[in-house]
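# Coordinate inspection notes
Here is what each chain is made of, one letter per residue.
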Amino acid sequence: MGIKNCPECGKLYMENPSGLCPECYAHEEVYEHQIGEYLREHGKASVEKIHEETGVKEKIILRMIKSGRLLVDGVSLISYPCDMCGVPIYEGRICAKCGSSFSKQVKEVWRDKENYGSQREGLRMYSKDDFKK
Ligand SMILES: [Zn+2]
Ligand SMILES: [Zn+2]
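My aim in this report is to walk through the structure given alongside it, one point at a time. (Residues numbered from 1 in each chain as written. Chains lettered and ligands numbered in written order. Predicted model: local features only at pLDDT ≥ 70, side-chain atom pairs only at ≥ 80, totals over all residues. Heavy atoms only, no water.)

## What to know about the coordination of the zinc ion (ligand 1)
Around the zinc ion (ligand 1), the donor atoms from the protein are Cys6 (SG), Cys9 (SG), Cys21 (SG) and Cys24 (SG), and they sit 2.2 to 2.3 Å away. Note that the zinc ion (ligand 1) binds four donor atoms; their angles at the metal cover 106 to 115 degrees, and the shape is tetrahedral. Here the donor residues of the zinc ion (ligand 1) share one chain and are spaced in sequence as C-x2-C-x11-C-x2-C. Placement of the pair is Cys6 in the loop between strand 1 (3–5) and strand 2 (12–14) and Cys21 in the loop between strand 2 and helix 1 (22–42), with a sequence separation of 15 residues. Of the two residues, Cys6 and Cys21, neither departs from the other in class, the shared state being buried. (Donors = N, O, S within 2.8 Å, 3.2 Å for Na, K, Ca; no water. Tetrahedral: all angles 85-135°; square planar, octahedral: opposite > 155°, others 65-115°. Helix = DSSP H or I, 4+ residues; strand = E, 2+ residues; numbered from the N terminus. Buried < 20%, exposed > 50% of the residue type's maximum accessible area, 1.4 Å probe, protein only.)

Written out as structure tokens, the structure is:
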């Protein structure tokens, strides 16, 4: 445990598992309660909507979602934009569609690398033959 700067207000605080100074952590507990109430009353909502309704900063809402603090009966009801295409999602960082196209892209990159390798090999052999003439 050491002294850290609170990511929320910038004040120095003794490091603790919440990752926030006690003051901001107390605020978050209030926010968490407010958001929980809202979700129970209205069901699913976007981060934007929650921000409008409760006044809690989107950054804070997102952090709470990602640490699993805003589940209602174990279910995530708040949507936030996919990191890649902006479609609303409820878990992870990207939507299922981007998830599958992302892994396809990764595979394609690897295939290109293999092709690139064999092309180079071919060129080298070709120039060696040239040299012999
Ligand atoms: Zn703070
Ligand atoms: Zn997406």
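## Observations concerning helix 1
Think of an α-helix as 3.6 residues a turn; residues three or four steps apart then line up on the same face. Over its 21 residues, helix 1 runs 30 Å from end to end, which matches the ideal 30 Å to within 8%, given 1.5 Å per residue. Those residues of helix 1 that sit buried are Cys24, Glu28, Ile35, Gly36, Tyr38 and Leu39. Down the axis of helix 1, the buried side of the element spans an arc of 165 degrees, and every buried residue falls inside it. Exposed positions of helix 1 whose direction lies more than 90 degrees from the buried face are Pro22, His33, Arg40 and Glu41. Buried residues along helix 1 sit against strand 3 (45–46), helix 2 (47–54), helix 3 (58–66), strand 4 (71–72) and strand 6 (78–81). Remark: Gly43 follows helix 1 within two positions and exhibits a positive phi of approximately 80 degrees. (Expected span 1.5 Å × (residues − 1). Arc of directions from axis to C-beta. Contact = heavy atoms within 4.5 Å.)

## A short note on the sheet that holds strand 7 (residues 88–89)
The sheet built from three strands is open, its strands ordered 3-6-7 with mixed pairing. The sheet is open, and its two borders are formed by strand 3 and strand 7, each paired with just one other strand. Both strand 3 and strand 6 contribute to a ladder of two bridges, which runs parallel. Bridged to Ala45 within strand 6 is Ile78. (Pairing = 2+ DSSP bridges.)

## A closer look at the nonpolar core
Core analysis: the biggest nonpolar cluster contains 20 residues, and Ile35, Leu39, Ile50, Ile61, Ile65, Leu70 and Ile78 have the highest contact counts within it. In terms of residue count, the dominant contributor to this core is helix 3 (four residues). Setting aside residues up to four positions removed in sequence, Ile65 forms contacts with Val47, Leu70, Ile78 and Tyr80. Membership of the second largest hydrophobic core comes to five residues, among which are Cys6, Tyr13, Cys21 and Cys24. (Core = buried A, V, L, I, M, F, W, Y, C linked by side-chain atoms within 4.5 Å.)

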